[in-house]
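# Report on the structure
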Amino acid sequence: AASGAGDRVVRYDASLEQRLSQRATIAADLRRALGAGEFHLLYQPIVRLPHGTVAGVESLIRWTPADGRTVSPADFIPVAEDTGLIVELGAWIIDTVCAQAAQWLRRHGQDALRSIAVNVSARQLLDPNLPEVVASALARHGVPANRLTIEITETAVFAGGRALTTVQALSQLGVNLALDDFGTGHSSLGLLRTCPVNAIKVDKSFVDGLGGTPQQEAIAIAVHGIAERMGLYTVAEGVETAAQARRLHELGYRHAQGFHFAPPLPAAGIDALLEENSRL
Ligand code: C2E
Ligand code: CA
Ligand code: CA
Ligand code: CA
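Please read all numbers here as calculations on a predicted model, not as lab measurements. Residue positions within a chain follow its written sequence, with the count starting from 1. Labels are handed out in written order, letters beginning with A for the chains and numbers beginning with 1 for the ligands. Local features are withheld for residues below a pLDDT of 70 in this predicted model, meaning they are given only at 70 or higher, and side-chain atom pairs are given and counted only at 80 or more; totals for whole chains, interfaces and linings count all residues. Calculation of side-chain values draws on the structure's entire complement of heavy atoms; hydrogens and water are dropped beforehand.

### A closer look at the overall build of the protein
Counting secondary structure elements, the protein contains 12 helices and 8 strands. Its C-alpha atoms give the protein a radius of gyration of 20 Å, near enough to 19 Å, the size a compact globule of 280 residues would have. Counting only C-alpha atoms, the protein reaches 70 × 50 × 40 Å along its principal axes. Per-residue accessibility, obtained with a 1.4 Å probe over protein chains only, is compared with the maximum for each type, and a residue is labelled buried under 20%, exposed over 50%, and partly exposed between these values. Counting across all 280 residues of the protein, residues that qualify as buried make up 45%. Only heavy atoms enter the contact rule, under which two residues are in contact if any of them lie within 4.5 Å. Excluding contacts between residues fewer than 6 apart, the proportion of contacts in the protein whose partners are at least 24 apart in sequence is 68%. To measure how exposed things are, a 1.4 Å probe is used in the Shrake-Rupley method; for residues, cover is taken only from the protein chains shown. Approximately 13600 Å² of the protein is accessible, and the part contributed by carbon and sulfur atoms is 54%. Positive charge is attributed to Lys and Arg, negative charge to Asp and Glu, and no charge count is given to His or to the chain ends. In plain terms, the charge of a residue is placed at NZ if it is Lys, CZ if Arg, CG if Asp and CD if Glu. The average position of the 24 basic charges and that of the 29 acidic charges among the side chains of the protein differ by 3 Å. Secondary structure elements are taken from DSSP: a helix is a run of H or I of four residues or more, a strand is a run of E of two residues or more, and numbering for both begins at the N terminus. Between the two quantities, the radius of gyration covers C-alpha atoms and the globule rule is 2.2 Å times the number of residues to the power 0.38.

Now the structure itself:
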């Protein structure tokens, strides 16, 4: 190796190259994986406080290639966005979620789940066909629009003028819209007025501060206050402890999600919880 400075450059290049080639490998593999049925969805309960009964679920995608690994969506969703494959993958996700929702509502009753949420990324919001994809999946499976929640991020809505138009068209369909990771993106409180959302998902980073100093708790408290005045639901994300759950309830939160209640589960795990719910 040459000088220290040269070393650093070489090492940086090597890891960048590695990352780029990993991305290229993922990109090539994603399309094949979709055809090969290597994706599946898990569903994490969104519960009512304080008792923890299931109010809804959020679908979360997993990729399990034949070698037995599970690849995190944090690793492949960005690649699927860059390559545009997210549009096709997204349509598969929406259809699969609607098929599953129809099954739960049939088995456990139309009121068994208030909402079934699906994540939609920035690139999908730029696709003018998205509202049609959603409408036809709902119709195909006979799911009422008001049972579906579409989770979008502030950053995605800011991505372009068309994103907001798509969001308005989705809202016209009668589906619910939730602002995900609230407070972590290019946030603007003004967005709450222009974007027709029904719910705010308060990011884990603010939930982590509960039980801490007034400064650490301030955002989770303030966001709930704003949401309440605007007639929006709040869901606290990433609740990991009983103490956080108790504090959220004290602060007026009615819905929460996190490992303290349940991790993302296979569909059958949700069936089991809904059976339990119905016996309460
Ligand atoms: P997200 O939408 O904010 O989803 C919440 C993430 O937090 C999930 O990670 C979930 O497993 C995790 N989580 C839930 N409870 C807890 C907790 O108590 N503690 C901690 N530390 N984590 C918790 P996951 O499943 O790895 O998904 C990561 C991100 O990937 C999601 O963040 C979302 O942005 C994206 N994603 C997942 N599924 C989809 C999908 O179907 N479509 C799109 N477009 N994006 C998806
Ligand atoms: Ca989400
Ligand atoms: Ca989130
Ligand atoms: Ca997140």
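### Focus on the nonpolar core
Grouping buried Ala, Val, Leu, Ile, Met, Phe, Trp, Tyr and Cys residues that are joined through side-chain atoms within 4.5 Å yields what is termed a nonpolar core. One finds Phe76, Leu125 and Ile150 to be the most contacted residues of the largest nonpolar core, which totals 75 residues. Per-element accounting of this core gives the leading share, 10 residues, to helix 3 (residues 86–108). For isoleucine 150, the contacting residues outside a window of four places in its chain are Val118, Val120, Val134, Leu170, Val175, Asn176, Leu177 and Ala178.

### Some words on the sheet that holds strand 7 (residues 233–236)
Strands pair, by our definition, only if DSSP identifies at least two bridges between them. An order of 1-2-3-4-5-6-7-8 is seen for the 8 strands of this closed barrel, with the pairing classed as mixed. Both strand 1 (residues 39–48) and strand 8 (residues 255–256) contribute to a ladder of 2 bridges, which runs antiparallel. Across the sheet, the residue bridging to valine 47 is alanine 256, located in strand 8.

### Observations concerning the site of ligand 1
Every one of the 21 residues lining ligand 1 counts as a neighbour, but Gln44, Arg62, Asp180, Glu240 and Phe259 are closest to it. Definition of a polar contact: a pair of N or O atoms within 3.5 Å, with one able to donate and the other able to accept a hydrogen when the atoms are protein atoms, and with sequence-neighbouring residues admitted only if both atoms are side-chain atoms. Contact distances for ligand 1 include 3.1 Å between a nitrogen atom and a side-chain N or O atom of glutamine 44. Between ligand 1 and isoleucine 61, the relevant distance is 3.1 Å, taken from a nitrogen atom to a main-chain nitrogen or oxygen of the residue. Taken by itself ligand 1 offers 800 Å² of open surface, and the protein chains cover 78% of this. Of the grid points, spaced at 1 Å and generated over the protein atoms alone, those admitting a 1.4 Å probe that cannot get out make up cavities, while open sets with protein on both sides within 12 Å along at least five of seven lines make up pockets; any residue with an atom within 4 Å of a point is treated as lining. In this description, a molecule resides in a pocket or cavity if more than half of its atoms sit within 2 Å of the grid points defining it. Here ligand 1 is seated within the largest pocket. For the shell around ligand 1, the secondary-structure elements that each account for two or more residues are strand 2 (54–63), helix 2 (73–83) and strand 5 (176–182). One heavy atom within 4 Å of a molecule or strand is enough for the residue carrying it to be called near that molecule or strand.

### Some details on the pairing of strand 4 (residues 148–153)
Within strand 4, 5 of the 6 residues are buried, which leaves the element mostly enclosed by the surrounding structure. Pairing between strand 3 (residues 115–119) and strand 4: 4 bridges, direction parallel. Its bridge partner being in strand 4, asparagine 119 is matched across the sheet by glutamate 151. Strand direction decides the pairing type here: strand 4 and strand 5, joined by 5 bridges, are parallel.

### Thoughts on the side chain of histidine 224
Summarising the element assignment, histidine 224 is placed in helix 10 (residues 214–229). Given a relative accessible area of 8%, histidine 224 falls into the buried group. Beyond its immediate stretch of four places on either side in the chain, histidine 224 contacts Thr234, Leu251, Gly252 and Tyr253.

### Overview of the coordination of the calcium ion (ligand 4)
In a perfect tetrahedron of four donors around a metal, the angles come out at 109.5 degrees. In a perfect octahedron of six, they are 90 or 180 degrees. Because no water is among the atoms considered, metal sites can look incomplete, with donors defined as N, O and S atoms within 2.8 Å of the metal, or 3.2 Å for Na, K and Ca. Distances from the calcium ion (ligand 4) to its protein donors, Asp181 (OD) and Asp181 (OD), fall within 2.8 to 3.2 Å. A distance of 3.6 Å spans the gap from the calcium ion (ligand 4) to the calcium ion (ligand 3), which aspartate 181 bridges by coordinating each metal.

### A short note on the packing of helix 3 against helix 5 (residues 130–141)
Where helix 3 meets helix 5, the closest approach of the two axes is 9 Å, and the angle between their N-to-C directions is 25°. With respect to helix 5, the element helix 3 is oriented roughly parallel. Along this stretch, helix 3 crosses helix 5, giving a crossing that reads as right-handed. Between helix 3 and helix 5, the contacting residues are Ala91, Ile94, Asp95, Cys98, Ala99 and Ala102 on the first element and Leu130, Val133, Val134, Ala137, Leu138, Arg140 and His141 on the second. Charged residues are taken to be Asp, Glu, Lys and Arg, nonpolar residues to be Ala, Val, Leu, Ile, Met, Phe, Trp, Tyr, Cys and Pro, and polar residues to be all remaining types, Gly included. Each residue belonging to the contact of helix 3 with helix 5 can be placed in one class, and the counts come to 10 nonpolar, 1 polar and 2 charged. The convention used is that axes are lines fitted to C-alpha atoms, helices contributing only their stretch in contact, and that angles between N-to-C directions extend from 0 to 180 degrees. Oblique is the label for every angle not falling under 35 degrees (roughly parallel), over 145 degrees (roughly antiparallel), or within 65 to 115 degrees (roughly perpendicular). Note on convention: near helix rotated counterclockwise from far helix by under a right angle means a left-handed crossing. Clockwise means right-handed.

### Some points on helix 7 (residues 161–173)
Expected span of a helix, by definition, is 1.5 Å for each gap between consecutive residues, and there is one gap fewer than residues. Between its first and last C-alpha atoms helix 7 spans 19 Å; for 13 residues at 1.5 Å apiece the expected length is 18 Å, and the two agree. Of the residues making up helix 7, those classed as buried are Ala163, Thr166, Val167 and Leu170. Buried residues of helix 7 fall within an arc of 100° about the axis and therefore sit on the same side. Residues of helix 7 that are exposed and point more than 90 degrees away from the buried face comprise Gly161 and Gln172. Of the surrounding secondary structure, the elements contacted by the buried residues of helix 7 are helix 4 (122–125), helix 5, strand 4, helix 6 (154–158) and strand 5. Within two residues after helix 7, glycine 174 carries a phi angle of roughly 95°, on the positive side. The arc in question is traced by the directions running from the helix axis to the C-beta atoms.

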